[in-house]
Amino acid sequence: MEARMIPVIRSLDTIGPSMLLCSLLPCSGETILGLRESLKWATDCLTEVDSSVAVSSGGELFLRFISLTSLEHQDLSRCKKVMEERGELFLEKISLSRTKVAKLCHTFIKDGAKILTHSSSRVVLRVLEKAAAEKKRFTVYVTESQPDTAGKQMADALRRLNVPVTVVLDAAVGYVLEKVDLVIVGAEGVVESGGIINKIGTYQMAVCSKAHNKPFYVVAESFKFVRLYPLNQQDVPDRFKYKADTLRTVSDLSDEHPMIDYTPPSLITLLFTDLGVLTPSAVSDELIKLYL
Amino acid sequence: MPGADKETDLTERIEAFLADLKRGGSGTGPLRGSGEMARETTYLLRRITAQARWSSAGDLMEIIRNEGRRMTAAQPSETTVGNMVRRVLKIIREEYARSRGSSEETEQQESLHKLLTAGELSEENFRQHFVHLKANVIEAINELLTELDGTTDNIAMQALEHIHSNEVIMTVGRSRTVEAFLKDAARKRKFHVIVAECAPFCQGHEMATGLSKVGIETTVIADAAIFAVMSRVNKVIIGTQTVLANGGLRAVNGTHSVALAARHHSTPLIICAPMFKLSPQVFTTIFYPFPGSFSYCLPVLREILSKVNVHCPVFDYVPPELITLFISNIGGNAPSYIYRLMSELYHPEDHKL
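All of the points below concern the structure found in this document. Here the structure is a predicted model, which is why all the values come from computation and not from measurement.

Observations regarding the pairing of strand β7 (residues 269-272) of chain B
Residue and element names in this part refer to chain B. Both faces of β7 are covered, namely the face carrying Leu269 and Ile271 and the face carrying Ile270 and Cys272. In terms of strand pairing, strand β4 (residues 235-238) meets β7 through three bridges, oriented parallel. Opposite isoleucine 237, over in β7, you have isoleucine 270 as the bridge partner.

Structural notes on the sheet that holds strand β2 (residues 138-143) of chain A
All names here are of chain A. Strand order across the open sheet formed by seven strands is β3-β2-β1-β4-β7-β9-β10, with mixed pairing between neighbours. Each end of this open sheet is capped by a strand with a single partner; those strands are β3 (165-168) and β10 (276-278). Taking each pair of neighbouring strands and ignoring which way they run, the sheet shows an average axis angle of 25 degrees. Note that strand β1 (residues 113-117) and strand β4 (residues 182-185) share two bridges and pair parallel. Bridging from a neighbouring strand, leucine 116 pairs with valine 183 of β4.

Focus: the environment of Leu271(A)
Residues and elements named next belong to chain A. Note that leucine 271 resides in strand β9 (residues 270-273). Its relative accessible area of 0% is what places leucine 271 among the buried residues. Sequence separation between leucine 271 and arginine 98 is 173 residues, and the spatial gap between their C-alpha atoms is 13 Å. Excluding residues that lie within four positions of it along the chain, leucine 271 makes contacts with Val190, Gly194, Ile196, Val218, Gly276, Val277, Leu278, Thr279, Pro280 and Val283.

Quick word on unusual backbone geometry
Residue and element names in this part refer to chain A. In this structure, the amide linkage connecting glutamine 146 to the following residue, proline 147, adopts the cis form with an omega of 5 degrees. With respect to the secondary-structure elements, proline 147 resides in the loop between β2 and α7 (150-160). A positive phi angle is found at serine 119, which is not glycine, with a value near 55 degrees. Classification of serine 119 as buried rests on a relative accessible area of 5%. A positive phi is found at threonine 149, a non-glycine position, where the angle reads about 45 degrees. Residue placement: threonine 149 occurs in the loop between β2 and α7.

Overview of helix α6 (residues 122-133) of chain A
Residues and elements named next belong to chain A. For α6, which comprises twelve residues, the first-to-last C-alpha distance of 16 Å matches the rise-based estimate of 16 Å (1.5 Å per residue) to within 8%. Against the buried residues of α6 lie α5 (76-105), β1, β2, α7, β4 and β7 (216-219). At the C-terminal side of α6, lysine 135 shows a positive phi close to 65 degrees.

Reading the values: the criteria
- Here the residue index of a chain counts from 1 through its sequence in written order.
- The order in which chains are written sets their letters, starting at A; the order in which ligands are written sets their numbers, starting at 1.
- Owing to the predicted nature of the model, reporting of local features is limited to residues with pLDDT of at least 70; listing and counting of side-chain atom pairs is limited to 80 or more, with chain, interface and lining totals taken over all residues.
- Processing note: side-chain calculations cover all non-hydrogen atoms of the structure and skip hydrogens and water entirely.
- Three exposure classes are used, based on accessible area relative to the maximum for each residue type with a 1.4 Å probe and protein chains only: buried under 20%, partly exposed in between, and exposed over 50%.
- Secondary structure follows DSSP: runs of H or I at least 4 residues long count as helices, runs of E at least 2 residues long count as strands, and numbering of each begins at the N terminus.
- A strand pair is defined by DSSP finding two or more bridges across the two strands.
- Working convention: axes come from line fits to C-alpha atoms, limited for helices to the stretch in contact. Angles between N-to-C directions cover 0 to 180 degrees.
- Only heavy atoms enter the contact rule, under which two residues are in contact if any of them lie within 4.5 Å.
- Expected helix span is given by 1.5 Å per residue-to-residue step, counting one fewer step than there are residues.

So this is what it looks like as structure tokens:
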């Protein structure tokens, strides 16, 4: 089982955990409890390697899947078969979700718009691709997003689409906001309160947008909805804030720079998900519908 | 032949309705209230269901959707027409589901739960034919019409809970719903109303006359005086043209200023709006004026008319943060709850006709 995991871990992205868990289904235990145990173990291994929120929420959602399925079918082999089918379906739906989000969001980008975005997000990129495909003219400002300068990758990708793009310093967000018409960011996780967890610097951007009265839009797929309710920055668990190897090697975390921050729902205007355009208060409704 | 006659009669009525809509927009026809508009639309849709030729629910939905598109294109600012079309489409979906025997839950919104538990990515194509579908749909539309008839009364019934003795209420322009609301409260309580006249049409004057006829102490003020007077006001109660999906409003010009003044003085802002005004549109940034904002020529001296551009938008956007409460025919709700009410009224696939 471990041998099979290693190649998957190397090419990890948010869809990775579901694919991995799907591939594990044929091999494990004779009982549903055994299956659940091995899936939990697999998720834990994954979070040890890549401690992002999306991996955790994707894994939990898939596990939830299992508990819902096991209630319906008594016979284990039939159960496994149904789980496999549903797993495939789940993957299919997830891969369509980015397209759905792009379809909903691109209408909010008008001709001549100036957009500000943070760091690199594949969903935001897809939205901007769709808007560009609809022949809209817009310019984009991307923050450089230290410490990994992910913003530069986003800028390269946008240049390939022939969209005029400018990379700005993280500190220049307040400076550039007066020129900007709207702010669109992705999310690594959407929490129960309707707030988001995203690359460090997002909270700053949200506070500045509120001060300038600019709409702050978040685009995220629904599998990123996670059962957390942080009340402030401290409440976000350490396993999401820091990289997995940092957590393992460093003893005193107060010297480390967190990789993510929490943006409260009061600063977010709208969330675009594959479940539709949601106000932050609608997010907890969605989560309740799932977990009750 | 009777069949052909019915068809031509139906198309004639639809054309007459569309012409009426177009005229109402350009200012030459009579200004209709939204309640009346909603009722007329529903009558027309019921007639289409009864008289048009269709064999399955899918056909009927296509017909209604096409007519709905034409109607909304004729007068984009009149959103109640589109809302009624969407209500009827939802009714058809529900009746179809009921006839098939499947529970209504399965046809509902996308949700995380559905993501995990649903079967194949099935496309519901509404092709099955049911004998009683027509009768059921027409009955449901009749229920909708009864609901529409009772909306103003249902809202007015809640007045006594919100208006107390010796209060000063402010309102803007003329809203039939707010008028009924205040008149109902006046039967048992004594309070004072300040009406902002709402230039350039000054509909506030009619409102003030109507209110004073039932013995309410009314004062008319100019729009510029709203902020100055706001410190003496206990509540602001206004109507609106449309309630947007995010809980914001599209209301008569000047409402945003009233909302800001109320926020500054921490005065509650209460909106009386029936459910048929709830629209799945979202306000998409401030680049373009609202569709349907037309310029009316202000009384300007003839000499400068050729040298001046006059813009007079009819509607205003009020963001949901400035609103305290929505009073509708189903009760009072916070603006953050509007998305939920909307998911109960319309199906997500019908948001875009």
